[in-house]
Amino acid sequence: MPLETAVERHALPLEYPFTIARGTETEAEVVTVRIADENGTVGVGGAGPSPHYGETVDTVTTILPDLLAVVEDCGDVHQLERIERRMRETVNRNPAARCAVSIAVHDLAAKRLEVPLYRYWGLDPERTLETSYTIGLDDTETMREKTETALERGHGTLKVKLGTDRDLEIIETIRSVAPDVSLFVDANEAWTPREAVSKIERLTEYNLAFVEQPVAAEDPEGLRFVYERSPLPIAADESCITLEDIPRIADRCDIANLKLMKCGGLREAKRMIHTARAHGLEVMCGCMTESNASIAAACHLAPLLDYVDLDGSLLLAEDPYDGVPMADGRIDLEGLERAGTGAVLR
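Our subject in this report is the structure included herewith. (Residues numbered from 1 in each chain as written. Predicted model: local features only at pLDDT ≥ 70, side-chain atom pairs only at ≥ 80, totals over all residues. Heavy atoms only, no water.)

1. Side note on the sheet that holds strand E1 (residues 4-20)
- The three strands lie next to each other as E1-E2-E3, forming an open sheet whose pairing is antiparallel. Edge strands, defined here as strands with exactly one partner in the open sheet, are E1 and strand E3 (42-47). Neighbour-to-neighbour, the strand axes of this sheet turn through a mean angle of 20°, independent of strand direction.
- Along the sheet, helix H3 (residues 95-112) contacts strand E2 (23-36) and E3; its crossing angle with E3, the most-contacted strand, is approximately 155°. (Pairing = 2+ DSSP bridges. Helix = DSSP H or I, 4+ residues; strand = E, 2+ residues; numbered from the N terminus. Axes fitted to C-alpha atoms, helices over the stretch in contact; angles between N-to-C directions. Contact = heavy atoms within 4.5 Å.)

Next up, the structure:
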């Protein structure tokens, strides 16, 4: 099957500077992949590479020709398992680059059948969720203002970044303006195990849903230490990168947080979800700061999940792509009137 492909780089400004315990970003550097078949049907995929996991837009664009050649060699975009397997055999790392191609071929395959991706997978669109909206680190008053803005926009689930010497003050401030929202926090590996236990004990009074990645991923015993002593559920993010990590974290957390840009593809993401379930874990799908070219695909996993943190495109000042409809942050798969992932140029 002859294919035409195109690769584009974008530097997308964020609405606000976005700070976590590791640093600050003011724009999202992303890569968009377009794959067109002989009939002119176009599949769209996106990569939101993270330097924390060893990828940049340069590494993604460098390796994409090899990955797109895999799709051409397979000859059938409906052979999704074969395509993802051969991409892994071609490039073992570079998950964001592999994921961009995975999303594009899934989008193209579903569009060729004129169905949205969730229907192509046979999932129930009524089983959907509200995405959290992230409040990045800043001075306390600015975080208050960002929270007020999020409430005005109808967001009922918030994630708050922590990892400072003001963590308790931050949460007290957030709760003072948002007493009724579902709320969880993310330390992005910033705490020591004992510090994490101490802080979590003090955070329980603020009615938090769970705590994400309290300690360094390189300290699995520290994660176990916190998990065994925490009065709140623990989610693993940086400790949960690939399918092989699920058994390793199963006795160290309550929630596995997968991300498409970490695991390398949509079929791999589904395997991670089912493996986590088999190990008794709840499952969340998170994201980087990304365009709807990739966020839209992740939204179709919502019927399989317990939590979604898919606000990457909501943090952008502007996004060249439209995606899955969201009403007050709730993913509305039934309201999606387009085939494929739903990502389309505005």
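2. Regarding empty space enclosed by the protein
- Under the criterion given, the structure shown has two cavities of 30 Å³ or more.
- Computed from the structure, the largest cavity encloses a volume of approximately 100 Å³.
- Taken together, the elements giving at least two residues each to the lining of the largest cavity come down to E1 and strand E4 (133-135).
- A per-element tally of the lining of the largest cavity places E1 first, with four residues. (1 Å grid on protein atoms, 1.4 Å probe; cavity = no way out; pocket = protein on both sides within 12 Å on 5 of 7 lines; lining within 4 Å. Points joined across faces, edges and corners; volume = space filled by probe spheres on them.)

3. A look at helix H2 (residues 80-90)
- Three or more residues of H2 are buried, namely Leu80, Ile83, Glu84 and Met87. The buried residues of H2 occupy one face: seen down the axis, they fall within an arc of 95°.
- The secondary structure elements touched by the buried residues of H2 are helix H1 (57-74), H3, helix H4 (117-121) and helix H11 (266-278). (Buried < 20%, exposed > 50% of the residue type's maximum accessible area, 1.4 Å probe, protein only. Arc of directions from axis to C-beta.)

4. What to know about the packing of aromatic side chains
- Summed over all chains, the structure comprises two aromatic pairs.
- Look at Phe184 and Phe210: their rings are 4.2 Å apart centre to centre, the planes differ by 20°, and that puts the pair in the stacked class. Here Phe210 lies in the loop between helix H7 (193-203) and strand E7 (211-212) and Phe184 lies in strand E6 (residues 182-186), a separation of 26 residues in the sequence. When sorted by exposure, Phe184 lands in the same class as Phe210, which is buried.
- Feature note: the residues Phe184, Phe210 and Tyr307 constitute an aromatic cluster, connected by ring pairs. (Phe/Tyr/Trp six-rings, centres within 6.5 Å; stacked < 30°, edge-to-face > 60°.)

5. Some words on the sheet that holds strand E10 (residues 282-286)
- Pairing is parallel across the open sheet formed by eight strands, whose spatial order is E4-E5-E6-E7-E8-E9-E10-E11. Strands with a single pairing partner mark the edges of an open sheet, and in this sheet they are E4 and strand E11 (307-308).
- Where E6 and E7 come together, two bridges link them in parallel fashion. By the bridge assignment, Asp186 is partnered in E7 with Glu212.

6. As for the packing of H2 against H11
- Orientation of H2 relative to H11, taken along the N-to-C sense of each, is 95°, at an axis distance of 9 Å. By the angle class used here, H2 and H11 are roughly perpendicular. Each of Leu80, Glu81, Glu84 and Arg88 in H2 lies in contact with H11, whose residues at this interface are Leu266, Arg267, Glu268 and Arg271.
- Its residues assigned to classes, the contact of H2 with H11 comprises two nonpolar, no polar and six charged. (Parallel < 35°, antiparallel > 145°, perpendicular 65-115°, else oblique. Nonpolar A, V, L, I, M, F, W, Y, C, P; charged D, E, K, R; others polar.)

7. Here's the deal with a negative patch on the surface
- Side chains of Asp124, Glu126, Asp332 and Glu334 sit close together on the surface and give a patch of like negative charge.
- Within the secondary structure layout, Glu126 lies in the loop between H4 and E4.
- A relative accessible area of 61% places Glu126 in the exposed class. (Patch = residues over 30% accessible without salt bridge, like charges linked within 9 Å, V, L, I, M, F, W, Y side chains within 5 Å. Areas by Shrake-Rupley, 256 points an atom, 1.4 Å probe, with all protein chains shown as cover. Salt bridge = Lys/Arg side-chain N within 4 Å of Asp/Glu carboxyl O. Lys, Arg positive; Asp, Glu negative; His and termini not counted. Charge placed at Lys NZ, Arg CZ, Asp CG, Glu CD.)

8. Quick word on unusual backbone geometry
- You will see that Gln213, though not glycine, has its phi angle at about 35°, which is positive.
- The residue Gln213 is located in the loop between E7 and helix H8 (220-229) in this model.

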